[in-house]
Amino acid sequence: QGIRKARVSNAGYADLDLQPTERFGVAVALRYEDYDDFGETTDGKVSARFEATSVFAMRATASTGFHAPTPGLTYSTRTSSGPLPGTQINSQTGLVSVNNPVAVFFGSKPLQPETSKNLSFGAVYNPTEAFTLSLDGYQIEVDDRITASQTFTLTNDQRIALAATGVVDALNINRLNFFTNAYDTRTRGIDLV
């Protein structure tokens, strides 16, 4: 029987689009969210567009983002059994919850939210109805990305030591991994359409 976990999240979103002049427009959006397990966050987006001429415009956007780990990422456990390669010895391998005592033994920590910062700047050239050219540069930074950890192999001594501390499944686990906040990424690029 699986473990049932729940999360309560309350959120509010506001979006304002302004056109101060015929050639200049700006949009601002804010999102506030309060998680019962991760606290609160406020993220936003600002974008602007300026028509320099009737056929040429520039645009830019800056925003932040937030992704709280789902209860599934935090509490999921998936194991499989089968013989170790080249042997008749049965082995249990699995992805275990970050809260599992065996995962904690190998250094798992509670998952943290992923956060992001996004920037883009571009231009559009539209000299005729039949032809449009756009060029956009962008950068996306994501911190604390969540992925599966390396696979850890338990030695017999480790299994015995963990079982002695009351970890019920320790004697049956041979190899495991768990979700972790593993790395930060930065993606940069140019889109030409």
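Refer to the structure printed above.
Since we're looking at a predicted model, the values are computed, not measured.

Asker: So what exactly am I meant to see when it comes to the overall build of the protein here?
Answerer: The number of helices and strands found in the protein is three helices and 11 strands. When its helices and strands are written in sequence order, the protein yields β-β-β-β-α-β-β-α-β-β-β-α-β-β. Over its C-alpha trace the protein gives a radius of gyration of 25 Å, far above what one expects of a compact globule, namely 16 Å for 193 residues. Counting only C-alpha atoms, the protein reaches 75 × 40 × 25 Å along its principal axes. Relative to its full complement of 193 residues, the protein shows a buried share of 26%. Pairs at least 24 apart in sequence give 58% of the contacts found in the protein among residues at least 6 apart.

Asker: Where do I start with the packing of aromatic side chains in this structure?
Answerer: Note on aromatic pairs: each is described by the distance of the centres and the angle between the planes. On inspection of all chains with the given rule, the structure shows four aromatic pairs. Measuring from ring centre to ring centre gives 5.7 Å for phenylalanine 152 and phenylalanine 178, while their planes differ by 5°; the resulting arrangement is stacked. Taken together, the residues span a long stretch of sequence, with phenylalanine 152 in strand 9 (residues 152–153) and phenylalanine 178 in the loop between strand 10 (175–177) and strand 11 (179–192) at a distance of 26 residues. As far as the burial class goes, phenylalanine 152 and phenylalanine 178 line up, both buried. One aromatic cluster is present, formed by Phe105, Phe106, Phe152 and Phe178 through successive ring pairs.

Asker: Just checking my understanding: could you explain the sheet that holds strand 10 for this structure?
Answerer: Hydrogen bonds along the backbone pair up the strands of a sheet, which may run parallel or antiparallel. Judged by pairing direction, the sheet is mixed, and its four strands sit side by side in the order 5-6-10-9 without closing on themselves. Since the sheet does not close on itself, it has two edges, and those belong to strand 5 (78–83) and strand 9, each with one partner. Note that strand 9 and strand 10 share two bridges and pair antiparallel. Residue phenylalanine 152 lies in a different strand from strand 10, and its bridge partner there is leucine 176.

Asker: Just checking my understanding: could you explain unusual backbone geometry for this structure?
Answerer: Most peptide bonds adopt trans geometry, and most residues besides glycine take a negative phi value. Notably, aspartate 144 is not glycine yet its phi reads approximately 60°, a positive angle. Among the secondary structure elements, aspartate 144 is positioned in strand 8 (residues 131–148). Here aspartate 144 falls in the partly exposed class, since its relative accessible area comes to 32%.

Asker: Mind showing me how you'd approach the pattern of salt bridges here?
Answerer: Note on pairing: side chains with opposite charge can pair once their charged atoms come close. Taken as a whole and assessed by the stated rule, the structure comprises four salt bridges. Here arginine 49 makes a salt bridge to glutamate 51, at a shortest N to O gap of 3.1 Å. Classification of glutamate 51 by relative accessible area gives partly exposed; the value is 31%. The closest approach of N and O atoms between aspartate 136 and arginine 59, which form a salt bridge, is 2.7 Å. Taken together, the positions of aspartate 136 in strand 8 and arginine 59 in strand 4 (residues 56–67) put the pair 77 residues apart, joining distant regions of the chain.

Asker: Looking at this structure, I do not really get the pairing of strand 4. What am I missing?
Answerer: Along a regular strand, successive side chains alternate from one face of the sheet to the other. Where strand 3 (residues 39–51) meets strand 4, seven bridges bridge the pair, whose relative direction is antiparallel. Residue pairing across strands places alanine 48 opposite alanine 60, the latter belonging to strand 4. In this sheet, strand 7 (residues 114–128) lies alongside strand 4 in antiparallel orientation, the contact comprising 12 bridges. Looking at strand 7, one finds that glycine 65 is bridged to serine 116.

Asker: What am I meant to see in the side chain of arginine 159 here?
Answerer: Tracing the sequence through the fold places arginine 159 in helix 3 (residues 156–164). It turns out arginine 159 is buried and unbridged, and the closest side chain with the opposite charge, aspartate 157, is 8.5 Å from it. Polar side-chain contacts of arginine 159 include one of 2.9 Å to the backbone oxygen of leucine 154. The contacts of arginine 159, once residues within four sequence positions are left out, are Leu154, Ala170, Leu171, Ile173 and Asn174.

Parameters at a glance
- Positions within a chain are numbered from 1, following the residues in the order the chain's sequence is written.
- Local features in this predicted model are restricted to residues whose pLDDT is 70 or higher, and side-chain atom pairs enter the listing and the counts only when it is 80 or higher, whereas totals over whole chains, interfaces and linings include all residues.
- Hydrogens are left out, water is left out, and the side-chain values use all remaining heavy atoms of the structure.
- The numbering of helices and of strands both runs from the N terminus, where a helix is a DSSP run of H or I of at least 4 residues and a strand a run of E of at least 2.
- Only the C-alpha atoms count toward the radius of gyration. The rule for a globule is 2.2 Å times the residue count to the power 0.38.
- A simple rule labels every residue: compare its accessible area, found with a 1.4 Å probe on the protein chains alone, to the largest value its type can have, and call it buried under 20%, exposed over 50%, or partly exposed in between.
- Any two residues whose heavy atoms approach within 4.5 Å at even a single point are treated as in contact.
- Geometry of aromatic contacts follows a simple scheme: Phe, Tyr and Trp rings, the Trp one being its six-membered ring, pair when their centres are within 6.5 Å, and the pair is stacked under 30 degrees between planes, edge-to-face over 60, tilted otherwise.
- DSSP-based pairing: two strands are paired if at least 2 bridges between them are found.
- Within this document, salt bridges are pairs made up of a side-chain nitrogen of Lys or Arg and a carboxyl oxygen of Asp or Glu, the two lying within 4 Å of each other.
- Charged residues are defined narrowly, with Lys and Arg counted positive, Asp and Glu counted negative, and His plus the chain ends left uncounted.
- Any N or O atom pair separated by 3.5 Å or less is treated as a polar contact, with the protein-specific requirement of one donor-capable and one acceptor-capable atom, and with residues adjacent in sequence counted only for side-chain atom pairs.

Purely spatial values, then, with no claim about function.
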